[in-house]
Amino acid sequence: MSSALLSILLAFLIAISTLETSDGEFMEWCIADGQTPNDELQMALDWACGKGGADCNKLQAKQPCYFPNTLRDHASYAFNDYYQKFKHQGATCYFHAAAMITDLDPSHRSCKFEYRP
């Protein structure tokens, strides 16, 4: 096996192993589904930031998650905040089919998406 292929395989195995928590649970985040129409995303975002109880302060101008300033990015942050806060109380990552689970950390630049085991 070539050293380049071996290096890629080793990097892949390390990446996979970092997604699993110490108790064997895999890390997951809740993000907006790319297929959801904007009007449905907006309704779900409004609910998450309102009655849902997500902390959407980081989505405000001059805050770490304002950019990229897109509906999909803001919805992803709000959906994940709600899901991480309330998943142990039975909350789901559904939002009327506007959201989905990912095992890839959606954090970017200064915007960190929380993960709670």
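Residues numbered from 1 in each chain as written. Predicted model: local features only at pLDDT ≥ 70, side-chain atom pairs only at ≥ 80, totals over all residues. Heavy atoms only, no water.

K.L.:
How should I be thinking about the nonpolar core in this particular structure?
P.N.:
Most often, soluble globular proteins have nonpolar side chains that are buried together. Cys30, Phe79 and Phe95 are the most contacted members of the largest nonpolar core, which totals 26 residues. Of all elements in the fold, only strand 1 (29–32), helix 2 (38–49) and helix 3 (71–86) reach the threshold of two or more residues within this core. Ranked by residue count, the leading element in this core is helix 3, at six residues. (Core = buried A, V, L, I, M, F, W, Y, C linked by side-chain atoms within 4.5 Å. Buried < 20%, exposed > 50% of the residue type's maximum accessible area, 1.4 Å probe, protein only. Helix = DSSP H or I, 4+ residues; strand = E, 2+ residues; numbered from the N terminus.)

K.L.:
I would appreciate a short explanation of helix 2 in the present structure.
P.N.:
Because an α-helix packs 3.6 residues into every turn, residues spaced three or four apart end up facing the same way. Along its 12 residues, helix 2 runs 16 Å from first to last C-alpha, staying within 8% of the 16 Å computed at 1.5 Å per residue. Of all the residues in helix 2, the buried ones are Leu41, Ala44, Leu45 and Ala48. The buried side chains of helix 2 occupy one side of the element, clustering within an arc of 100° when seen end-on. Facing away from the buried side of helix 2 by more than 90 degrees, the exposed set consists of Asp39 and Met43. (Expected span 1.5 Å × (residues − 1). Arc of directions from axis to C-beta.)

K.L.:
For this particular structure, what's the right way to read the state of the cysteines?
P.N.:
The bond known as a disulfide is covalent and runs between the sulfur atoms of two cysteines. Tallied over the full model, the rule gives three disulfides. Between the sulfur of Cys65 and that of Cys111 lies a disulfide, 2.0 Å long from S to S. Disulfide Cys65-Cys111: the torsion about the S-S bond is 100°, which places it as right-handed. Taken as a pair, Cys65 in the loop between helix 2 and helix 3 and Cys111 in the segment after strand 2 (99–102) lie far apart in primary sequence, 46 residues in all. (Disulfide = S-S within 2.5 Å.)

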